[in-house]
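What follows is the residue order along each chain.
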Amino acid sequence: MSTATRVLAALAGLAVVFGAAWWVGRSLDPFVTAAETHGHARATDTAQHGDEGHGGSGQQAGEHAAGGTGSAVTLAVGGRELEPGPDAVVAFSLRGPDGAPLTTYDVKHEKRLHLVLLDTRTLVDYQHVHPQRTGPSSWSARVPLTPGTTYKLFADGSTGGTGFVATAEVFTSGHHPPSPQLPAPARHASVEGYDVALATEDGAARLSVTRDGGPAALQPYLGALGHLVIVRVDDLAYLHVHPESGEAPTFRVGDLVPGRYRYFFDFRADGRVHTAAFTVAVTSTGEGGHEHGH
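Residues numbered from 1 in each chain as written. Predicted model: local features only at pLDDT ≥ 70, side-chain atom pairs only at ≥ 80, totals over all residues. Heavy atoms only, no water.

Some remarks on the overall build of the protein chain
Counting its regular elements, the protein chain contains 1 helix and 23 strands. Scored against the burial criterion, the 294 residues of the protein chain give a buried share of 47%. Of the roughly 13,800 Å² that the protein chain leaves accessible, carbon and sulfur atoms contribute 55%. (Helix = DSSP H or I, 4+ residues; strand = E, 2+ residues; numbered from the N terminus. Buried < 20%, exposed > 50% of the residue type's maximum accessible area, 1.4 Å probe, protein only. Areas by Shrake-Rupley, 256 points an atom, 1.4 Å probe, with all protein chains shown as cover.)

Take a look at the structure:
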């Protein structure tokens, strides 16, 4: 084989390798077209580190993307096995991309840090809380946790004007209760006397809330008329979106790749925060990214 032929063969091999890497990278992106919208945050690829044993200090790195850029922040839990109960303690700390403790936090929707917890078996036990700062880079939250359950943690915040989502998993001791099925796809939910309808089209999600047959008066919650968290069922990819201006909460979510998703809509009415949850089946990613519920 001539030298020129060997060079061409090598270049062709590199082209195949880089092409495959690009395809894999795109396939791992949970959202085909991430919407450029206010407060848009997502966690994509994560890497697990640390001790996987009981009571270890396992941690995961979560990537946040907003406007096409991201900054990796890692979350380290004090112990991966937690005691369940109605007032369980979740303690953790955050480190910046350089590995140093993360000590500077921006106020993002009236809070310096948002913490979302979601059980990984049924994706039903969803909690959006605001932890207390216990040190320069350490935080703690009290939340109800079910025995024998694994929870995914999403620490959602901003530092130096750059948003981040850092993730980790914890589990509770004890025997877990019988596991219900993932709720079937639906476009209506009833929560504490409110009826909530979800409509999705052209990369947008619109929520309408009624009570006793009439529109409910929504009140600002953390500076907005609601918050929408979307988690993909298969790999727990995460998206947090805030609504556009308008009377009804409308969220620009972009085109989602086909799959099943859980939508969690937090809203305030009558002085209380409520959460409406939906399962959405996205069957195709065509122009406009239509999503279909049944």
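Text resumes after the structure shown.
Considering the pairing of strand β19 (residues 238–241)
Burial along β19 is two-sided: the face carrying Tyr-238 and His-240 and the face carrying Leu-239 and Val-241 are both buried. Sheet topology places strand β18 (residues 227–232) next to β19; 4 bridges connect them, and they run antiparallel. Residue pairing for β19: Ile-230 is matched across the bridge by Leu-239. Between β18 and the antiparallel strand that follows it, β19, lie 5 residues; Leu-236 among them carries a positive phi value of about 60°. (Pairing = 2+ DSSP bridges.)

Some remarks on the nonpolar core
Within the largest apolar cluster, 26 residues are counted, with the highest numbers of intra-cluster contacts made by Val-196, Leu-228, Val-253, Tyr-263, Phe-265, Phe-267 and Phe-278. Among the elements that line this core, the one with the most residues is strand β22 (residues 259–269), at 5 residues. If sequence neighbours within four positions are ignored, Phe-267 has contacts with Val-191, Tyr-194, Val-196, Val-209, Leu-218, Gly-226, Arg-272, Val-273, His-274 and Ala-276. The next biggest cluster of nonpolar side chains, apart from the first, holds 24 residues, and it includes Leu-75, Val-143, Leu-153 and Val-170. (Core = buried A, V, L, I, M, F, W, Y, C linked by side-chain atoms within 4.5 Å. Contact = heavy atoms within 4.5 Å.)

Remarks on the sheet that holds strand β8 (residues 114–119)
One open sheet holds the 5 strands; their spatial order is β6-β13-β12-β8-β9, and the pairing between them is mixed. The outermost strands of the open sheet, each flanked by one partner alone, are β6 (81–82) and β9 (126–129).

Overview of the environment of His-114
Structurally, His-114 is set in strand β8. A relative accessible area of 2% places His-114 in the buried class. For the pair His-114 and Val-165, spaced 51 residues apart in sequence, the C-alpha separation works out to 9.4 Å. The contacts of His-114, once residues within four sequence positions are left out, are Lys-108, His-109, His-128, Val-129, His-130, Pro-131, Phe-154, Ala-155, Asp-156 and Leu-222. Side chain to side chain, His-114 and His-128 meet in a polar contact 3.2 Å long. A distance of 3.0 Å separates polar atoms of two side chains, one belonging to His-114 and the other to His-130. (Polar contact = N/O pair within 3.5 Å; in protein donor to acceptor, adjacent residues only side chain to side chain.)

Observations concerning unusual backbone geometry
Positive phi outside glycine occurs at His-109, with the angle close to 50°. Looking at where His-109 falls in the secondary structure, it is placed in the loop between β7 (85–95) and β8. The partly exposed category is assigned to His-109, whose relative accessible area is 23%. Its identity as a non-glycine residue notwithstanding, Asp-270 has a phi of 55°, on the positive side. Here Asp-270 is to be found in the loop between β22 and β23 (272–282).

Some points on the pairing of strand β14 (residues 188–191)
Along β14, the buried face is formed by Ala-189 and Val-191; none of His-188 and Ser-190, which line the opposite face, is buried. Here β14 runs beside strand β15 (residues 194–201); their pairing, made up of 4 bridges, is antiparallel. Note that in β15 the partner of Val-191 across the bridge is Tyr-194. Taking the residues between adjacent antiparallel strands as the criterion, β14 and β15 are bridged by 2 residues, where Glu-192 takes a positive phi near 50°.

Some details on the side chain of Asp-266
Relative to the helices and strands, Asp-266 is located in strand β22. Here Asp-266 is buried and forms no salt bridge, its nearest opposite-charge partner Arg-268 lying at an N-O distance of 11 Å. Reaching out from Asp-266, the side chain makes a polar contact with the side chain of His-128 at a distance of 3.0 Å. A distance of 2.6 Å separates the side chain of Asp-266 from the side chain of Thr-275, its partner in a polar contact. Each residue touching Asp-266, except ones within four places of it in the same chain, is listed here: Tyr-126, His-128, Tyr-221, Gly-226, His-227, His-274 and Thr-275. (Lys, Arg positive; Asp, Glu negative; His and termini not counted. Salt bridge = Lys/Arg side-chain N within 4 Å of Asp/Glu carboxyl O.)

Concerning the confidence of the model for the protein chain
This prediction gives the protein chain a mean pLDDT of 78; 72% of its residues lie at or above 70. Across the protein chain, the secondary-structure element scoring lowest on mean pLDDT is strand β4 (residues 59–62), at 28, and the one scoring highest is β9, at 98. Low confidence marks residues 2–40, where pLDDT is under 50. Its contacts with residues over four positions away, or in another chain, come to 46 contacts. Note that residues 44–70 has pLDDT below 50 and, in this model, 75 contacts with residues that lie over four places away or in other chains. (pLDDT = per-residue confidence, 0-100.)

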